[in-house]
Amino acid sequence: SQQGEEDPQALSIQEGENATMNCSYKTSINNLQWYRQNSGRGLVHLILIRSNEREKHSGRLRVTLDTSKKSSSLLITASRAADTASYFCATVFGGSNYKLTFGKGTLLTVNP
Amino acid sequence: SQTIHQWPATLVQPVGSPLSLECTVEGTSNPNLYWYRQAAGRGLQLLFYSVGIGQISSEVPQNLSASRPQDRQFILSSKKLLLSDSGFYLCAWRFGTGVTEAFFGQGTRLTVV
């Protein structure tokens, strides 16, 4: 079964705006990861946050993790048309470092 | 550096035919290996994962199977394909130890007709 659930399912914004996507999960985790997928391609890893971390930055990306609420958010600042893609969160279960499960994703469209 | 190869990129197979998708990883040893399926416009469903040769964990009971005959080779198979097996199949690997991300192949688009 899928562990993470992203919200919203689809998001359309204008270039230059910020995009925020949320992820909720059900069980304890070891770490949470965000990935990007361009249409018809494989996934590319964006950022990983461990269960004992609350916030992490990478370039225009900011990820937060709230383990008490079992939720995470991905913020993309100053979005560009090239950011148009699907974004997925993935969780590694707390009891295992092996099982990596993904949510259904958020389709982000950045209009020029 | 490490690379992952997945083939073929596209495949059209008739119902009832067998399936074999292959994935190989180069440049690392004892990786964790994964097979996912993605239906059109949907999320990734974990099908199988493996932490070592001959060690396969199945997540979804169905007419697919996986094998890991060599350390860096992961094969997804079916004896008889169903229409519902159509989808985008993705292979991925992670380092066998440590807290790490996954690296994905480019995927195989399977259409069962």
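The model shown is predicted, which means the values in this text are computed figures rather than measured ones.

(A) Seen up close, the overall build of chain B. When helices and strands are counted, chain B shows 0 helices and 11 strands. From first element to last, N terminus to C terminus, chain B shows the α and β order β-β-β-β-β-β-β-β-β-β-β. In summary, chain B has a C-alpha radius of gyration of 13 Å against a globular reference of 13 Å for 113 residues, a match within 12%. Along the longest, intermediate and shortest principal axes, the C-alpha atoms of chain B span 40 × 25 × 20 Å.

(B) Quick peek at the pairing of strand β3 (residues 19-26) of chain B. Two elements, strand β1 (residues 3-7) of chain B and β3(B), share 5 bridges in a ladder whose sense is antiparallel. Paired with B:Q6 across the bridge in β3(B) is B:C23.

(C) Focus on the interface of chain A and chain B. The interface of chain A with chain B comprises 23 residues on the first partner and 25 residues on the second. Between chain A and chain B, a total of about 1900 Å² is buried, with carbon and sulfur atoms accounting for 52% of that surface. Along the contact surface separating chain A from chain B lie 1 salt bridge. Two residues, B:E59 and A:K99, come together in a salt bridge whose shortest N-O distance is 2.9 Å. Remark: the boundary between chain A and chain B carries 6 residue pairs in polar contact (both at pLDDT 80 or more). Sorting the residues of the side of chain A that touches chain B by element identifies β4 (29-37), β5 (43-50), β9 (85-93) and β10 (100-102) of chain A as the ones contributing at least two each. The biggest single contributor to the side of chain A that touches chain B is β4(A), with 5 residues. Residue composition of the side of chain A that touches chain B, by class: 8 nonpolar, 11 polar and 4 charged.

(D) Structural view of the nonpolar core. All names here are of chain A. Residues M21, L32, W34, L74, I76, Y87 and L108 are the most contacted members of the largest nonpolar core, which totals 20 residues. Those elements that place two or more of their residues in this core are β3 (19-24), β4, β5, β7 (61-66), β8 (71-76), β9 and β11 (106-111). In contact with I76, other than residues within four places in its own chain, are E17, N18, A19, M21, R60, L61, D83, Y87 and L108.

What counts, and at which threshold
- Residues numbered from 1 in each chain as written.
- Chains lettered and ligands numbered in written order.
- Predicted model: local features only at pLDDT ≥ 70, side-chain atom pairs only at ≥ 80, totals over all residues.
- Heavy atoms only, no water.
- Helix = DSSP H or I, 4+ residues; strand = E, 2+ residues; numbered from the N terminus.
- Rg over C-alpha atoms; globule rule 2.2 N^0.38 Å.
- Pairing = 2+ DSSP bridges.
- Contact = heavy atoms within 4.5 Å.
- Buried area = accessible area lost by both parts, 1.4 Å probe.
- Salt bridge = Lys/Arg side-chain N within 4 Å of Asp/Glu carboxyl O.
- Polar contact = N/O pair within 3.5 Å; in protein donor to acceptor, adjacent residues only side chain to side chain.
- Nonpolar A, V, L, I, M, F, W, Y, C, P; charged D, E, K, R; others polar.
- Core = buried A, V, L, I, M, F, W, Y, C linked by side-chain atoms within 4.5 Å.
- Buried < 20%, exposed > 50% of the residue type's maximum accessible area, 1.4 Å probe, protein only.

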